[in-house]
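These are the residues of each chain, in order.
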Amino acid sequence: MYLQCKRCIMDNESDKTIIFDENCYCNYCTEALKQINTTTYFPNDKGQIKLEEMIANLKSEGRNKPYDCVMGISGGLDSSYLAYLGYKWGLRILAVHIDDGYDTKISVRNIKNLCEATNTEIRNIKPDPVQFNALTLAYMKAGVPNIAIPQDNILFATLYDLMEEQKIKYFLSGGNFALEAILQRGNTHNAMDVVNLKDIHRKYGTQDINKLSFITSYKKYINIKIGRSITLRPLNYINYNREQAINELSEFCDFEYYGGKHLENILTAFTQLYWFPKKFKVDKRKSHYSSMIISGQITREAALEKMKEPLYDDMQMNEYIKIIKNKLEISDDEFNQIMLSPGHQHTDYKTDKLDKILRKIIR
């Protein structure tokens, strides 16, 4: 029986993990509300105190070093706004961007304008395009939900390697409660399950992956355990509002919004707007709008109205698909065959048995 939460807009259409109580409130928003002003999100004076302590500690630890912290930057809103705030706070940030060949023109321009305006040093890392695209194609042939895992894993592997190289132990994350309090758990998988990655590559890969860097949950756990890497989420200590952030960035460095969360990259936009809905009936907007309902940035009624809008512009998506087929070197028939083939869960392939345990500890 179809059920939708009466407080947010999460439902059970594509998520077997969702649970509803007697009021038809889901476990996602119930758990999220408990985190406000208690464990995670402090959009108040308490958050300001925590933020000031964090900034002071970063500057103290970074004394006599070239950088205070490292962060990934995509040209999207969350990382761009955090880089902008870091500049205002006087932090010396080493920014890292993974150029996987799928950046939109908007994101390239946003990154350039932001780094110039903030005088931020940025390292552009380009994964081997042949191996990266072949691995991405392997994920599509495997028919699993999260085909962006190679993209995500390589980013974090690069960040952790750079932190070790530069002896920087603080990582500023744009991850935040305000826009990400609710993320669907069904039809997804951890990006650091390298056992899963290698099994998919073994079955469907056509190229070596020896030129690509990966990181496991175990390595991340060890780095955290010995204090080599500490992740900080400053956006959880402010009243982070999407529209306000867009306006501030627009005035500061002519930032241009690209239309939706995580749509600054062509491959990511395809995954979110086309792959997930067509293969698994997953509409990521439900998670994004539900998060904004919980953080008070949109009403449930307004979110339901926005859900009536088309997922994407047909002309733009057709252009994105054309780019993806060209980079993956597949024909229209091959692409159509992939899209029409049955979907599979990541657990249909080998998985890291320690991964689930370690993720709970890390979290």
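Bear in mind that the values here come from a model prediction, so they are computed numbers and not experimental data. (Residues numbered from 1 in each chain as written. Predicted model: local features only at pLDDT ≥ 70, side-chain atom pairs only at ≥ 80, totals over all residues. Heavy atoms only, no water.)

*Asks:* Account for the overall build of the chain, naming residues and giving values.
*Replies:* The number of helices and strands found in the chain is 16 helices and five strands. Relative to a compact globule of 363 residues, whose C-alpha radius of gyration would be 21 Å, the chain shows 20 Å and is just as compact. The burial tally for the chain puts 53% of its 363 residues in the buried class. When contacts within the chain are restricted to residue pairs at least 6 apart in sequence, long-range pairs at least 24 apart make up 79% of them. Of the roughly 17,700 Å² that the chain leaves accessible, carbon and sulfur atoms contribute 49%. Separation of charge centres in the chain, based on 49 positive and 46 negative side chains, amounts to 5 Å. (Helix = DSSP H or I, 4+ residues; strand = E, 2+ residues; numbered from the N terminus. Rg over C-alpha atoms; globule rule 2.2 N^0.38 Å. Buried < 20%, exposed > 50% of the residue type's maximum accessible area, 1.4 Å probe, protein only. Contact = heavy atoms within 4.5 Å. Areas by Shrake-Rupley, 256 points an atom, 1.4 Å probe, with all protein chains shown as cover. Lys, Arg positive; Asp, Glu negative; His and termini not counted. Charge placed at Lys NZ, Arg CZ, Asp CG, Glu CD.)

*Asks:* Please set out the sheet that holds strand S4 (residues 170-172) residue by residue, giving values where relevant.
*Replies:* Hydrogen bonding along the main chain pairs the strands of a sheet, whether they run parallel or antiparallel. Overall, parallel pairing links the five strands, which are arranged S3-S2-S1-S4-S5 in an open sheet. Across the chains shown, the open sheet's two edge strands, defined by having one partner strand only, are strand S3 (121-125) and strand S5 (230-232). Averaged over all pairs of adjacent strands, the angle between their axes in this sheet comes to 30 degrees, without regard to strand direction. Bridging between strand S1 (residues 69-72) and strand S2 (residues 93-98) involves four bridges; their strand directions are parallel. Bridging across to S2, Cys69 finds its partner in Ile93. (Pairing = 2+ DSSP bridges. Axes fitted to C-alpha atoms, helices over the stretch in contact; angles between N-to-C directions.)

*Asks:* Quick one: what's the story with the nonpolar core, residue by residue and with numbers?
*Replies:* Core analysis: the largest hydrophobic core is formed by 101 residues, its most contacted members being Cys26, Tyr81, Leu172, Tyr240 and Phe270. Counting residues per element, this core draws most heavily on helix H11 (residues 266-280), which supplies nine residues. In contact with Tyr81, not counting residues within four places along its chain, are Leu235, Ile238, Tyr240, Gln244, Ala245, Glu248 and Leu249. (Core = buried A, V, L, I, M, F, W, Y, C linked by side-chain atoms within 4.5 Å.)

*Asks:* Requested: an account of the environment of Gln345, with residues and values cited.
*Replies:* Take Gln345: it is sitting in the loop between helix H15 (332-340) and helix H16 (355-362). For Gln345, a relative accessible area of 30% translates into the label partly exposed.

*Asks:* Please give an account of the packing of aromatic side chains that cites residues and values.
*Replies:* Applying the stated criterion across every chain, the model contains 14 aromatic pairs. Residues Tyr102 and Phe132 carry aromatic rings whose centres are separated by 6.5 Å and whose planes lie at 55 degrees to one another, so their mutual orientation is tilted. With Tyr102 in the loop between S2 and helix H4 (105-118) and Phe132 in helix H5 (residues 129-142), this pair connects stretches of sequence that are 30 residues apart. In this structure Tyr102 comes out as buried when scored by relative accessible area, which is 0%. (Phe/Tyr/Trp six-rings, centres within 6.5 Å; stacked < 30°, edge-to-face > 60°.)

*Asks:* Account for the pattern of salt bridges, naming residues and giving values.
*Replies:* Overall, the coordinates contain 19 salt bridges when judged by the stated rule. Measuring nitrogen to oxygen at the nearest pair gives 3.2 Å for the salt bridge that ties Glu121 to Arg123. Judged by its relative accessible area of 35%, Glu121 falls in the partly exposed class. Given a relative accessible area of 25%, Arg123 falls into the partly exposed group. Of the charged contacts, one joins Glu164 and Arg228 as a salt bridge, the two residues approaching to 3.7 Å between their closest N and O atoms. (Salt bridge = Lys/Arg side-chain N within 4 Å of Asp/Glu carboxyl O.)

*Asks:* Which residues make up the pairing of S2, and what values do they have?
*Replies:* The buried count for S2 comes to six of six residues, which makes it a mostly enclosed element. Judged by which residues are buried, S2 turns out to be covered on both faces: Ile93, Ala95 and His97 on one side and Leu94, Val96 and Ile98 on the other are all buried. After leaving S1, the chain enters helix H3 (residues 77-88) and then returns to the sheet as S2, a path that is right-handed. By the bridge criterion, five bridges tie S2 to S3 in an arrangement that is parallel. In the strand pairing of S3, Ala95 is matched with Ile122. Considered for its hand, the β-α-β crossover made up of S2, H4 and S3 is right-handed. (Right-handed = clockwise from strand over helix to strand, strands pointing away.)

*Asks:* Explain the layout of surface pockets residue by residue, including any values.
*Replies:* By volume, the second largest pocket amounts to about 160 Å³. Within the residue set of the lining of the second largest pocket, elements represented by two or more residues are H5 and helix H14 (314-328). No other element matches the five residues that H5 contributes to the lining of the second largest pocket. (1 Å grid on protein atoms, 1.4 Å probe; cavity = no way out; pocket = protein on both sides within 12 Å on 5 of 7 lines; lining within 4 Å. Points joined across faces, edges and corners; volume = space filled by probe spheres on them.)

*Asks:* Describe H15, listing the residues and the values that go with them.
*Replies:* Taken as a whole, H15 has its buried residues at Phe335, Ile338 and Met339. The arc that holds every buried residue of H15, seen down its axis, measures 95 degrees, which confines them to one face. For H15, the exposed residues lying more than 90 degrees away from the buried face are Asp333, Gln337 and Leu340. Buried residues in H15 make contact with H5, H11 and H14. (Arc of directions from axis to C-beta.)

*Asks:* Give a description of the side chain of Asn146 that names residues and reports values.
*Replies:* Mapping Asn146 onto the fold places it in the loop between H5 and helix H6 (149-166). The buried category is assigned to Asn146, whose relative accessible area is 10%. Every residue in contact with Asn146, bar those within four places of it in the chain, is listed here: Tyr139, Thr188, His189, Phe276 and His346.

*Asks:* Describe the packing of H11 against H15, with residues and values.
*Replies:* Between two packed helices, what matters for the description is the angle formed by their axes and the separation of those axes. Running from N to C, H11 and H15 cross one another at 60 degrees; their axes reach a closest spacing of 9 Å. Taken together, the axes of H11 and H15 are oblique relative to one another. Residues Phe270, Tyr274, Trp275, Lys278 and Lys279 of H11 lie in contact with H15, whose contacting residues are Phe335, Ile338 and Met339. Residue composition of the contact of H11 with H15, grouped by class: six nonpolar, no polar and two charged. (Parallel < 35°, antiparallel > 145°, perpendicular 65-115°, else oblique. Nonpolar A, V, L, I, M, F, W, Y, C, P; charged D, E, K, R; others polar.)

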